[in-house]
Amino acid sequence: MKILVCVKQVPDTTEVKLGSDLTLQRDFVAQVMNPADESALEFGLRLKDEQGGKLTVLTMGKPAAENMLRESIAKGADEGVLLTDAAFAGADTLATARTLSRAIAFLGGFDLVLFGRRAADGETGQVGAMTAQMLDIPCLSNVIAARLDEALTAEQLTESGVTQWRMPLPAALTFCEWSYALRLPTIMGLRQAKRVEIRKIDFAELGMERMSCGLHGSPTRVIHVDTRPVGVRPCQKMSVEDLLETSSWNDAVSKEDKQ
Amino acid sequence: MNIIVFCEQEPELGLLTKARELAEQSSGRMTALLENSVSVSIVERFGAAEAIVIERAVDDCAQADRIAAALDQLAPDAVLFPATVRGRFLSAWVAAKLETGLTADCTSLSIHSDGTLLQSRPAFGGNLTADILCQRRRPQMASVRPGVFPALETEKRAEFSTRSLTLAAGRERLSKIGFTPVEKGASLQTAKVVVAGGKGVGSKKGFELLFTLADLLGGAVGATRSAVDAGWIGYAHQVGQTGVAVRPRLYLAFGISGLVQHTVGMNGSGTVIAVNKDRNAPIFSCADYGVVDDWETVAVQMIRNLERMVSP
């Protein structure tokens, strides 16, 4: 059983603060593993515990992302692969998926490819499905639980409920943040993480064309970023006692009564 | 600009409305791509020039292949998807197959000066709005959460046609083996009052109090992503960039800091009342009324006030 978990480093949103001018205070923001990817990693580790096999953790990012891969190894992953190159920078979701799918084929393919359903910073939730399409393997998104016996069974959370699906391997799953809580590192794992070599793969080794990855390979382009506030209203601050006397409160409440 | 709107079982009326406006502004036409013929009259009422009906596969990967084949044949300038769990997945798979750009969760769509689709979405932690173009590849693809754009019916058009398009789906590899519907609670999308809680609510128990208040107001309970991720309340209640967008008559925000990821999902509401201990919380700039106080104290006082009205 070959398991791959695709992970991403994101700013630790619990540490992000807003200034009085409503702009993001970006100083000293720690980088952490994306929460939904932690779920995917924990599912992969449990599967490996039950059924054996090899678990690889893959990320595309800056050289500093190596730390996240070592932390994954300390928790039980067998190897870490870092896709890092200036040519990968500025990738949108399509160029990211293209680079990941190329790397996955380059690494020899996997029985299961696991993702977080979305990154906490970009929140597009596209990369898992796009990568699976490019690999031509079935994919299920928004997974809250999965198990593997003779086939793969997974539960998908949607707006209307939870759907159970079955699918053959190889397959890809994208996990919700709260599905599986990631374990702590072990002493053995920490030792292993110190010793292990993190495999770094660059643009040349993957043999990609420059026009297919990074900014060049991205069909979407951000042309403007602006701090315009969304839906600002003039706020009247008051005590709850005064609020309960306002006509707005009474209107809202009485209208509801008439329905 | 010729625009296709992909419609699920219940078409997203705001998306049809926005697509019609954009098509009209750019002398193009709006076509609805449907998976069954039940909604043909609805898409006509909301301004589609044509309804194209394709079959539906159980496996969404296979269905996305079929949608991609339809788009290949129809060659629109732009395609819009509802950003539901399913719509997101289908749009991502289709964009990968067609090797084109896809912008998720747009909060604004317009025609850029060069005639392309200008797509805006919250970015970088939600405080910034990014304007995005897809200039080189076609179709330009975007997803929009349900409820972001208001729905407006239009006058009947002179010409409207319906046709079905038979296309092979991809290989079906996923099979559906069961379904458990969401439990109780008023629908967030249609509720006249939404009582929402954020990280400040602090626990599952805290949300129980909000359910009590919502019941008294005949409303539904909403939540921010951090409250959902903490496991205090289900995903079906999530309001914001990656949840649903709501436009109730009254929106009550308890213990919500007011990140743009949340406020883009509620700023179409009628009256907004925010309760937060932190007087500088950004949520107050999105509120009509603000109470700087402990959320629980305020919620309890509101509940007492309402109980008095019900049983004087």
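Structure first, text after, so check above.
The notes below deal with the structure included here.

1. So, the packing of aromatic side chains
- One pass over the full model with this rule turns up six aromatic pairs over all chains.
- Cluster of aromatic residues (ring-pair linked, three or more members): A:Phe43, A:Phe175 and A:Tyr180.
- Between the NZ or CZ atom of A:Lys2 and the centre of the ring of A:Phe110, over which it lies, the distance is 5.0 Å.
- Over the face of the ring belonging to B:Tyr235 we find A:Arg117, whose NZ or CZ atom lies 5.2 Å from the ring centre.

2. Describing the interface of chain B and chain A
- Counting residues at the interface gives 88 residues for chain B and 79 residues for chain A.
- In this assembly, chain B packs against chain A so that about 7400 Å² is buried in total across both faces, 57% of it on carbon and sulfur atoms.
- Remark: the boundary between chain B and chain A carries four salt bridges.
- B:Arg173 is the partner of A:Asp136 in a salt bridge, and the nearest nitrogen-oxygen pair spans 3.5 Å.
- For the pair chain B and chain A, the number of links is 25 residue pairs in polar contact (both at pLDDT 80 or more).
- Top contributing element to the side of chain B that touches chain A by residue count: helix 4 (residues 85-98) of chain B, with eight residues.
- Grouping the constituent residues of the side of chain B that touches chain A by class yields 45 nonpolar, 26 polar and 17 charged.
- Note: strand 14 (residues 221-226) of chain A against strand 8 (residues 128-133) of chain B, five bridges, orientation antiparallel. Bridge pairing in strand 8 of chain B links A:Asp226 to B:Thr129.

3. A short note on the pattern of salt bridges
Residue and element names in this part refer to chain A.
- For the coordinates displayed, the defined rule picks out 30 salt bridges over all chains.
- Where Asp149 meets Arg147, a salt bridge forms, and the shortest distance between an N and an O atom there is 3.4 Å.
- By relative accessible area, which is 36% here, Asp149 ends up partly exposed.
- Through salt bridges with shared partners, a single network forms among Glu42, Arg46, Asp49 and Arg183.

4. As for the nonpolar core
- Core analysis: the biggest nonpolar cluster contains 90 residues, and A:Leu58 and A:Leu173 have the highest contact counts within it.
- Not counting the four nearest positions on each side in its chain, A:Leu58 is found in contact with A:Leu4, A:Val5, A:Cys6, A:Val7, A:Val81, A:Leu83, A:Leu100, A:Ala103, A:Ile104 and A:Leu107.
- The next biggest cluster of nonpolar side chains, apart from the first, holds 40 residues, and it includes A:Val162, B:Val193, B:Tyr235 and B:Val298.

Rules and cut-offs
- Starting afresh in each chain, residues are numbered from 1 along the sequence in its written order.
- Both sets of labels track the order of writing: A upward for chains, 1 upward for ligands.
- Per-residue local features are limited, in this predicted model, to residues with pLDDT of at least 70; the limit for side-chain atom pairs, both in listing and counting, is 80 or more; totals at the level of whole chains, interfaces and linings are taken over all residues.
- As a convention, hydrogens and water are excluded, and side-chain values are obtained from all of the structure's heavy atoms.
- Only Phe, Tyr and Trp rings take part, Trp by its six-membered ring, and two of them pair if their centres are within 6.5 Å. Stacked means planes under 30 degrees apart, edge-to-face means over 60, and tilted covers everything else.
- Two conditions define a charge sitting above a ring: the NZ of Lys or the CZ of Arg must be within 6 Å of the ring centre, and it must be within 35 degrees of the ring normal.
- Residue contacts follow a heavy-atom distance rule, with two residues in contact if any of their heavy atoms lie within 4.5 Å.
- The buried area of a pairing is the accessible area, by a 1.4 Å probe, that goes missing from both parts when the two are put together, added over both.
- What counts as a salt bridge is simple: a side-chain nitrogen of Lys or Arg found within 4 Å of a carboxyl oxygen of Asp or Glu.
- Two N or O atoms form a polar contact when they lie within 3.5 Å of each other; inside protein one atom must be a possible hydrogen donor and the other a possible acceptor, and for residues adjacent in sequence the pair counts only when both atoms belong to side chains.
- Helix and strand assignments follow DSSP, with helices taken as H or I runs no shorter than four residues and strands as E runs no shorter than two, numbered in order from the N terminus.
- Put simply, Ala, Val, Leu, Ile, Met, Phe, Trp, Tyr, Cys and Pro go in the nonpolar bin, Asp, Glu, Lys and Arg in the charged bin, and everything else, Gly too, in the polar bin.
- Strands are treated as partners if at least two bridges between them are detected by DSSP.
- For every residue, the accessible area (1.4 Å probe, protein chains only) is compared with the maximum for its type, and the residue is labelled buried under 20%, exposed over 50%, or partly exposed between those bounds.
- Residues belong to one nonpolar core when they are buried, are Ala, Val, Leu, Ile, Met, Phe, Trp, Tyr or Cys, and are joined through side-chain atoms within 4.5 Å.

Without other data, these values stay purely geometric and don't point to any function.
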